[in-house]
Amino acid sequence: MKLTCTNETEKRNRYCPLALGNGDLSMLVDYTGGCLPRSYCEGQIESGLWRAGFRYDSPGFPLVPFGFFEHRLENAGAVVSWSQTFHLTEALSESVCVYENGASVRSLVYCHLKYNLVVIRKEIRGADALCMVSSFGPRRTKTVPLSDTGTAYEIDGLSEMRGTISFFSPDPSVTAERSGSEIRLKTVSPETVFFLAFDEKAEAFARSCSEEEIRSSHSAAWAEFWAESTLPAEKLPEKVRQVARTSEYHLRISSTEWSIPVGIYPSHWGGRYFAFDEFFALEGLLASGHRHLARKIVRFRLSHLDAARRRAYAYFDTKGDGDAARFLWESVELPGLEGAPVGFWLEHIFHMANIALGAWHCSGNGEDSGFLREVYPMIRGCAEFYRIFSVDEKEKGRFIVGKCTDLERLGAARENAFMTTCGVIATFRVAAEAAELLDLDSEQRLRWRSLAEKLMETLPQDDQAYLPYPGCPDQSIGLFSGIFPYGNLPAEDPRQRVSIAKFCASEETFGNMYPLGKSLCTWYAGWKAVVFRRLGEGEKAKAVLEQAARETGCFSEVFEIYEAGQHPWFCTGEGVFLQAVCESWR
């Protein structure tokens, strides 16, 4: 599959550089075949190169910029025309730039899926020479030249960060020189390949193999990924297929050693991990056949379980009530470090429900008893957090979920919020079912089931519909959550159907995470489509997805909010879009 953007089509499609990576390396490569930092989407995102887990220890734990690469032509003038093609299934960028003096450069760039190696091929026409440049010099970093083309570094950051970077060409006619933070490789050949290796293993691989062998290895790794896909590609309208495949691709290159953030870019909350958002990526991966990547998300959360228990009970024994677990809102790779700035979003609690449900779904809803036994302590911890910290008995026998932040557009300190309550109910039910399958916690599962039923009785509502919270004058996508993601209500529930209809009638006002624009963002569109599909309205679900597919970027990438240009290459929206497509056309 090939997706092409040109200088003539970029503006109407909100051009953002092409995302390349492998889960460790992450880069946005522009139409020049480089990633020199430049702003796009009205300054909301910048091209560049980063590595997952490489962070400073300052507030927010920002990603360390890993420099850039670019080519330079002498006396060529400005670029007057360009095209960039995304070879999607091959995970490769091909671009052509034409300069004022008539010279042109064709670039082929890819990041090897299994090695931390960037391969850059440049073909020049109408120019005598080309200089290929790699720059690396982030702040708080010591570098030591190892050779004309190799550098050792040590970064003063959140954890130990040291290694090597090598920038070289196998062409013996290429000359190398250093200047400050730059390594410059000059070629007079019409075609030259360059390698940028980010560790010794990648460098050894590049030096021991031919360019053809490296490309073949990269293609084979991607072929293995595509072979496991269950996306019903042959049934899909062309644009829907493009968006689904691009989403599937980007989820793969965003799957780090730990989990999947909303994007491994500084603009995307510094590549930090949201348990709420992880769930949508997880569901998309499960729906499209990539269970091992989905389970990685669950195991990442499991590795943070002890820290979540300490978050709930810092001064108490880890037994008994100390099993309750409160997970952080924005996680980094190291457990126990809250990455979010201070704000009322820290009072979210619904992400514990997504953690529990994600673990349950990755067990095949209990079919894989071995995996379920592994993750059950985490499911239990989420249920116990809700039981002990969140459920209030307002008067005898009447229970609600106490004040918290539900979806942020609804404001702070909302009592008996619909979406959060649905998440709590779902967690209690899943925990009880898991405990029964494993023959554990016989008394607790009775408590969980009882509380789930009590909370069902007090879901906020008027005489026609459910409400985001009692007395709420606004609408919220959270009103869909009785069907998805939490599945507490039957499809025929009349109040649930009226609630959904009321939200759909007010999408121009409430169709985004923030009060911006007048369209329905792709994230919400996918959410809506899953619900319509589960309500038995499959044709409506397909129509929603076809419309959403038209509101994507030059390479069919999903934005958080397309009409505002916010957060292109947005994993959360990709996950739920992929899930909705798989469910709607299966």
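Please read these numbers as outputs of a predicted model, since none were measured by experiment. (Residues numbered from 1 in each chain as written. Predicted model: local features only at pLDDT ≥ 70, side-chain atom pairs only at ≥ 80, totals over all residues. Heavy atoms only, no water.)

Visitor: Describe the nonpolar core, with residues and values.
Guide: Counting 180 residues, the largest nonpolar core has Phe66, Phe69, Phe428, Trp523 and Trp527 as the members making the most contacts within it. Of the residues forming this core, the biggest block, 13 residues, is contributed by helix α9 (residues 418-438). Setting aside chain neighbours within four positions, we find Trp523 in contact with Phe276, Asp277, Phe280, Met513, Phe570, Thr572, Gly573 and Val576. (Core = buried A, V, L, I, M, F, W, Y, C linked by side-chain atoms within 4.5 Å. Buried < 20%, exposed > 50% of the residue type's maximum accessible area, 1.4 Å probe, protein only. Helix = DSSP H or I, 4+ residues; strand = E, 2+ residues; numbered from the N terminus. Contact = heavy atoms within 4.5 Å.)

Visitor: Can you lay out the environment of Glu90 for me, pointing to particular residues and giving the numbers?
Guide: Locating Glu90 in the fold gives a position in the loop between β9 (79-87) and β10 (92-99). Separated by 133 residues in sequence, Glu90 and Ala223 have C-alpha atoms that sit 8.2 Å apart. Setting aside residues up to four positions removed in sequence, Glu90 forms contacts with Arg215, His218 and Trp222. In terms of polar contacts, Glu90 uses its side chain to reach the side chain of Arg215, at 3.1 Å. (Polar contact = N/O pair within 3.5 Å; in protein donor to acceptor, adjacent residues only side chain to side chain.)

Visitor: Mind laying out the pairing of strand β12 (residues 117-125), listing which residues take part and the relevant values?
Guide: A regular strand places its side chains so that they alternate between the two faces of the sheet. Burial runs high along β12: eight of the nine residues are buried. The sheet contact formed by strand β11 (residues 104-111) and β12 spans eight bridges and is antiparallel. Within β12, the residue paired with Val109 across the bridge is Ile120. Counted between consecutive antiparallel strands, the loop separating β11 from β12 contains five residues. (Pairing = 2+ DSSP bridges.)

Visitor: Can you tell me about the sheet that holds β12, naming the residues and giving the values?
Guide: One open sheet accounts for nine strands, arranged β1-β9-β10-β11-β12-β19-β16-β15-β14; its pairing is antiparallel. Since the sheet does not close on itself, it has two edges, and those belong to β1 (2-6) and β14 (141-145), each with one partner. This sheet shows a mean twist of 15° between the axes of neighbouring strands, independent of strand direction. As paired strands, β9 and β10 are joined by eight bridges and run antiparallel to one another. Bridging across to β10, Phe86 finds its partner in Ser93. (Axes fitted to C-alpha atoms, helices over the stretch in contact; angles between N-to-C directions.)

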